[in-house]
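So you can see what is in the structure, the chains are spelled out below.
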Amino acid sequence: MNPIKHVAIIMDGNGRWGLKYKNSRNAGHKAGLKTVEKIIKETLRQKIKFLTLYAFSTENWKRPQKEISFLFSLLENFLIKRINELNKQKIKLKIIGIKNFSKKLNRLLSISENKTFKNRELQINLALNYGSKSEILNAVKVMLKKKDRVSEKNFTKYLHTTNIPDPDILIRTGNTKRLSNFLLWQLAYTEIFFEKKLWPDFNEKDYNKILKKFQIIKRNYGNI
Ligand code: FPP
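Here goes a summary of the coordinates provided.

As for the side chain of Thr176
Phase 1: Here Thr176 is to be found in the loop between β5 (169–172) and β6 (191–194).
Phase 2: Discounting chain neighbours no more than four positions away, the residues touching Thr176 are Asp12, Arg16 and Phe194.

Quick word on a positive patch on the surface
Phase 1: A cluster of like positive charges, contributed by Lys22, Lys30, Lys34 and Lys38, occupies part of the molecular surface.
Phase 2: Residue placement: Lys34 occurs in helix α2 (residues 25–45).

Considerations on unusual backbone geometry
Phase 1: With phi around 55 degrees, Asn23 is a residue other than glycine that occupies positive phi space.
Phase 2: The backbone of Asn129 shows a phi angle near 50 degrees, a positive value even though the residue is not glycine.
Phase 3: One can find Asn129 in strand β4 (residues 122–130).

Focus on the side chain of Gln123
Phase 1: Along the chain, the position of Gln123 falls in strand β4.
Phase 2: The class for Gln123 is buried, based on a relative accessible area of 9%.
Phase 3: Polar side-chain contacts of Gln123 include one of 2.8 Å to the side chain of Asn125.
Phase 4: Sequence-distant contacts of Gln123, that is, excluding residues within four places in its chain, are made with Lys49, Phe50, Leu51, Lys92, Lys94 and Ile164.

Focus: the site of the ligand
Phase 1: In the vicinity of the ligand lie 18 residues, with Asp12, Gly15, Arg16, Arg25 and Arg63 positioned nearest.
Phase 2: Within the backbone of Asn14, an N or O atom sits 3.3 Å from an oxygen atom of the ligand.
Phase 3: Within the backbone of Arg16, an N or O atom sits 2.7 Å from an oxygen atom of the ligand.
Phase 4: Across the complex, the protein chains shield 91% of the 620 Å² of accessible surface that the ligand would expose by itself.
Phase 5: The set of elements that each furnish at least two residues to the shell around the ligand consists of α1 (14–22), α2 and α3 (65–88).
Phase 6: Of all the elements, α2 adds the most residues to the shell around the ligand, at five residues.
Phase 7: For the shell around the ligand, a count of residues per class yields eight nonpolar, six polar and four charged.

Topic: the nonpolar core
Phase 1: Counting residues in each nonpolar core, the largest one holds 40 residues, and the members touching the most others are Val7, Ile9, Leu51, Ile169 and Tyr207.
Phase 2: When residues of this core are assigned to their parent elements, the largest contribution, eight residues, is made by α3.
Phase 3: Beyond its immediate stretch of four places on either side in the chain, Ile169 contacts Ile4, His6, Val7, Ala8, Thr190, Glu191, Phe193, Ile210, Leu211 and Phe214.
Phase 4: Membership of the second largest hydrophobic core comes to ten residues, among which are Ala8, Ile10, Tyr54 and Leu183.

Examining the pairing of strand β3 (residues 91–96)
Phase 1: By the criterion of burial, β3 is predominantly enclosed, with five of the six residues buried.
Phase 2: The pairing of β3 with β4 spans six bridges and is classified as parallel. Counted as the bridge partner of Ile95 is Leu126 from β4.

Criteria and cut-off values
- Residues numbered from 1 in each chain as written.
- Predicted model: local features only at pLDDT ≥ 70, side-chain atom pairs only at ≥ 80, totals over all residues.
- Heavy atoms only, no water.
- Helix = DSSP H or I, 4+ residues; strand = E, 2+ residues; numbered from the N terminus.
- Contact = heavy atoms within 4.5 Å.
- Patch = residues over 30% accessible without salt bridge, like charges linked within 9 Å, V, L, I, M, F, W, Y side chains within 5 Å.
- Areas by Shrake-Rupley, 256 points an atom, 1.4 Å probe, with all protein chains shown as cover.
- Salt bridge = Lys/Arg side-chain N within 4 Å of Asp/Glu carboxyl O.
- Lys, Arg positive; Asp, Glu negative; His and termini not counted.
- Charge placed at Lys NZ, Arg CZ, Asp CG, Glu CD.
- Buried < 20%, exposed > 50% of the residue type's maximum accessible area, 1.4 Å probe, protein only.
- Polar contact = N/O pair within 3.5 Å; in protein donor to acceptor, adjacent residues only side chain to side chain.
- Near = heavy atom within 4 Å.
- Nonpolar A, V, L, I, M, F, W, Y, C, P; charged D, E, K, R; others polar.
- Core = buried A, V, L, I, M, F, W, Y, C linked by side-chain atoms within 4.5 Å.
- Pairing = 2+ DSSP bridges.

Here's what the structure looks like:
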């Protein structure tokens, strides 16, 4: 059986869910946060060490300001309410992406990262203002500036995901089959699962079905 160290998720479908059931995209984001909580709990239970969640891409700035503000206020409230509990559960929070939000949110993110830095039970990588192409370009620039030898191993040191194993599994909910500028380098050998359900409808049972399917896949890495 394949061990599972790292699951990455593109949590797609909040907006559609919100419009369908509550006539409001933001209501979908609120419901999506409940799914985040469920999946964190199940990931802990399954003793998986890394969970990466795509919460806000560099392209998401194109959305209406009202939706962006709502998403960030959800995140702020989540951190204020839950960071102590996450810490107690020995969860480490790491932001991948560029932290250029409001002063308040930047501070809250840094405090949350610092507080949970030593935790080892589960590392949650929250991709915020994250874009894979700019991550890769930036890594190239730094590597060259430092006159480091050009190699795969050296290159990965300059990505946001340094010291994090590549994802074993990528899940994308919302019935859409694309990568949306997410972890393009890190997903080279990841098993990808596209899920029809919208993120707020996704639950532990769906998650476990995917984990089980993954465990019996023959992973060849180019070999036979
Ligand atoms: C994609 O759905 C989802 C997002 C851009 C935001 C994800 C946010 C959450 C799950 C809630 C907040 C999370 C945290 C960690 C505080 P979409 O809006 O693109 O859906 P659509 O494709 O139906 O429009």
